[in-house]
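# Geometric and topological summary
Okay, here's what each chain looks like letter by letter:
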Amino acid sequence: MMDKFTRHEGVAAVLLRSNVDTDAIIPSREMKRVSKEGLGEGLFAGWRYLAGAGRQKNPGFVLNQDGYQGASILLSGPNFGCGSSREHAVWALKEFGFRAVIAPGFGAIFASNCVRNGILPLVLAAGQVAKIAEWVAADPARNRVVIDLPAQQVEAAGQVYSFDIEPGARQMLVEGLDSVALTQTRWDLIQAFHERRRLSRPWLY
Amino acid sequence: MGLTLFEKLWSEHVVEAYDDGTDLVYIDRIFLHERTGSIALASLEAQGRTVFCPEQVFCSMDHIVDTYPDRTDETTMPSGKEFILATRRHSHAAGITLFDLNDPRQGIVHVVSPEQGIVQPGVSLVCPDSHTCTQGAMGALAWGIGSSEAEHALVTKTLRVLRPKTMRVRFDGRLAPGVTAKDMILHLISTHGANGARGCAVEFTGQAVAELDMEGRMTLCNMAVEFSAFTGLIAPDEKTIAFLRGRPYAPAGALWQQAADYWRTLRSSPDARYDRELVIDCASLEPQVTWGTSPQHAVGISACVPAADGLDAATAESQRQACAYIGLAPGQALAGLPIDAAFIGSCTNSRISDLRQAAAVLRGRQVAKGLRAICVPGSMQVKAQAEAEGLDQIFTAAGFEWRASGCSMCFFAGGEHFGYRERVISTTNRNFESRQGPETRTHLASPVTVAASAVRGCITDPRELLQP
Ligand code: SF4
């Protein structure tokens, strides 16, 4: 069972770059254990910490700046989460405390990984993201973003923005479903398909 | 109206369709590797779940293992041994096939799978690795997934997936000598952007694709994910079938004929409609090289770092950051730029024909003084084949290190890597920040371009070194 996502209000961090890849979200060298845990500290490590200085914080990076403490929503540019399929990127965001990423588009594997871990990949047009980002940046601690997933709406900058999401993904997030258990309810169908395929494509078995 | 190849393959695997546009898709085969597969298998065990059909599941050790000739379970990467031991233990417990460290079949998953005949035309195959799209070159439905999806596929032999849209990219004309599949895909991505194929399964067609060997087709499909495609694929033809014949997991005897007859039917109908179509002219294509930190930052090798004029704010800002990171300014020429290191390897360009092409440039030549040059064959089979042809001698005589197989310095995980801010010309697929070492500056190019640049010590048009 994962955390349900219905309505969420939080501080939004602004990282308006395009093509933020999963290597940047969690560098390979931060993936130290055969585990989904212990990754939050490595989140954005290449940007969050100063080069070659252990864990000394880079004051120029958004998550180290005043007003963005406790951020749970990330605003970013197009193609967020592109690159490597590493689910560690999502586990790191989650452990750090993020519940949603708002961007004009996502790497497909990343978006699917998000949904399976209770994080909402929320698509808004680039212009809308830019507008919200500007409003947030004016007073990040106070200008909090509200996401209502069942209603498919974002409240920010004095406006309400609607967004689209596949119903299956929405259901999984809202109800906190375990996708394996869900699919196992279709077991008879799968088993029958498997047996038919053994006959139609025998060279594969 | 007829169907596209992708639509045919997809519908053949749909167990159940849902009205939100997703389908429950049957997965024929699953590949894992020790970096992400270990976590998926460990997580299953922790939940008391089991693998449904272990005889259709394969695993390779490639990401974390060292590529020194005398490697052991100990790794240069900190805590790498933990991944190796966990993968071995969980693979044995689950009853899946493991291509372990000292197995002569070991190598990078996307090289091993076609080489062993595990991926075949018409199969659906997934792997928790984004470059699984490489295997679409065999006419298969092959795509990369996350670890949770891998758990789902291992337990249920299915995945619930949003049905992708279809795109056709037609590469017209013939490639000039010294221009390769790598240049085709870099050019495509730079022309249409790193998210140019978002949500699409991309079929590559056209004369230039038909003329590629199977290895070149794998290079092309490999970087479909860098184009944000769901996957890439190429319709099987006689080259595909000849490639598969006699491979360990390929069908044999009467089943071979039955399978080959089926494979010959796998192509898009002439009247099939794609959601999107692109055409690239290959006749005028130059060797490509990247200047920045995204594969879309590729240009012809005679070009300069582009100016940010006329770009939207986010793209201009990314371009500015890329220039700052890579240490270049708009207007600067790529050719002639001094490099510290050259790398030939990775699932993009480490197959036998890649090594043959690079060796043709290196024969009788030496890499520039002070330059570090490394060649990592994609599998131990590729390595053995290259050694049988004497290619290893050409590489080592030129001053290249000749390695055992694995992902090696394609990516930096805290182990072996290129030096701080070193400039590397590389046959890999990602020039992301710090991908090959701390703040390393990676320039992506083809094996011939990398070989030529290694010889000159600066980014070099390979055509200057190829025999006329
Ligand atoms: S060679 Fe590089 S890109 Fe390919 S699977 Fe290994 S790490 Fe990934």
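All figures in this text were calculated on a predicted structure; none of them were measured in a lab.

Here we come to the pattern of salt bridges. In the structure shown here, the tally under the stated rule is 40 salt bridges over all chains. One network of salt bridges, with partners in common, ties together A:Glu30, A:Lys32, A:Glu41 and A:Arg55.

This brings us to the confidence of the model for chain B. For chain B, mean pLDDT is 96; residues scoring 70 or higher make up 100% of the total. Prediction confidence for the complex, expressed as pTM and ipTM, is 0.94 and 0.93 respectively.

Attention now goes to the site of the ligand. The environment of the ligand is made up of B:His63, B:Ile108, B:Asp129, B:His131, B:Ser346, B:Cys347, B:Cys407, B:Cys410, B:Phe411, B:Asn429 and B:Arg435. Two domains each put at least three residues into the shell around the ligand: domain 1 (5-162 + 241-259) and domain 3 (301-464) of chain B.

All names here are of chain A. Ordered by their spatial adjacency, 4 strands build an open sheet running 2-3-4-5, and the pairing between neighbours is parallel. In the strand order of this sheet, the two ends are held by strand 2 (12-15) and strand 5 (120-123), each with one partner. Across the sheet, the mean angle separating the axes of adjacent strands is 20° when strand polarity is ignored. Sheet analysis places strand 3 (residues 73-76) next to strand 4 (residues 100-103), joined by 3 bridges and oriented parallel. If you follow leucine 75 over to strand 4, its bridge partner there is isoleucine 102. Packing against the sheet, helix 5 (residues 126-138) makes contact with strand 2, strand 3 and strand 4, and its axis sits at approximately 125° to strand 3.

Moving on: the nonpolar core. A:Phe44, B:Phe171, B:Phe204 and B:Phe395 are the most contacted members of the largest nonpolar core, which has 210 residues in total. Apart from the residues lying within four places of it in its own chain, the contact partners of A:Phe44 are A:Leu15, A:Val20, A:Ala24, A:Ile25, A:Phe61, A:Leu63, A:Leu74, A:Phe80 and A:Leu93. Grouped together as the second largest cluster of nonpolar side chains are 7 residues, B:Ala341, B:Phe343, B:Met409 and B:Val424 included.

Chain A puts 55 residues into the contact, and the matching count from chain B is 73 residues. Both faces combined, the contact of chain A with chain B buries some 5,300 Å², and carbon together with sulfur accounts for 54% of it. It is A:Val34, A:Phe193 and A:Trp203 that lose the most area in chain A upon contact with chain B, and together they represent 14% of the buried surface on that side. Run the count over chain A and chain B and you get 10 salt bridges. Applying the counting criterion to the chain A and chain B interface returns 32 residue pairs in polar contact (both at pLDDT 80 or more). Mapped onto the side of chain A that touches chain B, the elements with two or more residues apiece are helix 3 (88-96), helix 4 (108-115), helix 6 (167-175), helix 7 (179-184) and helix 8 (187-200) of chain A. When residues of the side of chain A that touches chain B are assigned to their parent elements, the largest contribution, 7 residues, is made by helix 8 of chain A.

Procedures and definitions
Residues numbered from 1 in each chain as written. Chains lettered and ligands numbered in written order. Predicted model: local features only at pLDDT ≥ 70, side-chain atom pairs only at ≥ 80, totals over all residues. Heavy atoms only, no water. Salt bridge = Lys/Arg side-chain N within 4 Å of Asp/Glu carboxyl O. pLDDT = per-residue confidence, 0-100. Near = heavy atom within 4 Å. Domains from an automatic or database assignment. Pairing = 2+ DSSP bridges. Helix = DSSP H or I, 4+ residues; strand = E, 2+ residues; numbered from the N terminus. Axes fitted to C-alpha atoms, helices over the stretch in contact; angles between N-to-C directions. Contact = heavy atoms within 4.5 Å. Core = buried A, V, L, I, M, F, W, Y, C linked by side-chain atoms within 4.5 Å. Buried < 20%, exposed > 50% of the residue type's maximum accessible area, 1.4 Å probe, protein only. Buried area = accessible area lost by both parts, 1.4 Å probe. Polar contact = N/O pair within 3.5 Å; in protein donor to acceptor, adjacent residues only side chain to side chain.

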